[in-house]
Amino acid sequence: MDPLIVFENEHFVIVDKSCGVLSTPARFQDQDERPCLGTLLQSQLKIQIFPVHRLDYEVSGLVMYAKNAEAHRISNMWFEHKQVMKTYRALSNGPNYDHLPAQVNRKSAELVQGVVSEWRCRILRGKKRTYENVHGKDSVTLASFLGCFDDYYHWDLNPITGRSHQLRYEIRAIEIGRRATN
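Residues numbered from 1 in each chain as written. Predicted model: local features only at pLDDT ≥ 70, side-chain atom pairs only at ≥ 80, totals over all residues. Heavy atoms only, no water.

**Q** Explain the sheet that holds strand β7 (residues 130-132) residue by residue, including any values.
**A** Taking strand neighbours across the sheet as the criterion, the five strands line up as β5-β9-β8-β6-β7 in an open arrangement whose pairing is antiparallel. Only two strands of the sheet have a single partner each, and these edge strands are β5 (88-92) and β7. With direction set aside, neighbouring strand axes in the sheet form an average angle of 45 degrees. Examined bridge by bridge, strand β6 (residues 116-125) and strand β8 (residues 137-149) share eight bridges and lie antiparallel to one another. Bridge pairing in β8 links Val116 to Ser144. (Pairing = 2+ DSSP bridges. Helix = DSSP H or I, 4+ residues; strand = E, 2+ residues; numbered from the N terminus. Axes fitted to C-alpha atoms, helices over the stretch in contact; angles between N-to-C directions.)

The following block contains the structure:
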């Protein structure tokens, strides 16, 4: 499997990552048989590369790698100073309004296409799950509802913070009715 390079210059290479592939080697890589995009790309380019960011194993999308240590240092500053905005396209089941009392007008809780919502919470990551907790770290996501197609709700999600499983947590909160949508 040769990685699909979509952009390359002297400092960076951007690759299309499929779901079911690691962005970087697992902690115990000698015991993990899953394919790793970074390792494959490094073999293909025959140089050491440095991950600028990562995508989870289950997620597909574009991943950027630096081709030298200085480019890696500079790109890390982009993220640190919030000069990069990542957008994730997500699908979810529809929101569940069963938690609303019968006298509440559910029409007022419906999603409006094109409206950008700011989702804020405090996320704590446990050993087996991520959950909301007063002792958690601030989590902020800008969410734009794009519409409902093929029985799924489509979203553009822009994480302002980069908490582990932040977007998964937020989408699940919508689906089970724990998150106000607008």
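**Q** Explain the pairing of strand β4 (residues 61-66) to me, using residue names and the numbers behind them.
**A** Successive residues of a regular strand alternate their side chains across the two faces of the sheet. Note that strand β2 (residues 12-17) and β4 share six bridges and pair antiparallel. Residue pairing across strands places Phe12 opposite Ala66, the latter belonging to β4. As judged from the two bridges shared by strand β3 (residues 50-51) and β4, these two strands associate in the antiparallel manner. Bridge pairing in β4 places Phe50 opposite Ala66.

**Q** Got a sec to walk through the sheet that holds β2? Specific residues and values, please.
**A** Spatially, the four strands line up as an open sheet ordered β1-β2-β4-β3, and their pairing is antiparallel. The sheet is open, and its two borders are formed by β1 (4-8) and β3, each paired with just one other strand. Along the sheet, helix α1 (residues 37-45) contacts β1, β2 and β4; its crossing angle with β2, the most-contacted strand, is approximately 130 degrees. (Contact = heavy atoms within 4.5 Å.)

**Q** Describe the pairing of strand β9 (residues 152-159), and please don't skip the residues or the numbers.
**A** Taken across its eight residues, β9 has six buried, putting it largely inside the fold. Alignment of β5 against β9, held across five bridges, turns out to be antiparallel. Residue Ala90 lies in a different strand from β9, and its bridge partner there is Trp155. Of the pairings in the sheet, the one linking β8 to β9 comprises eight bridges and is antiparallel in character. Bridged to Ser144 within β9 is Asp156. (Buried < 20%, exposed > 50% of the residue type's maximum accessible area, 1.4 Å probe, protein only.)

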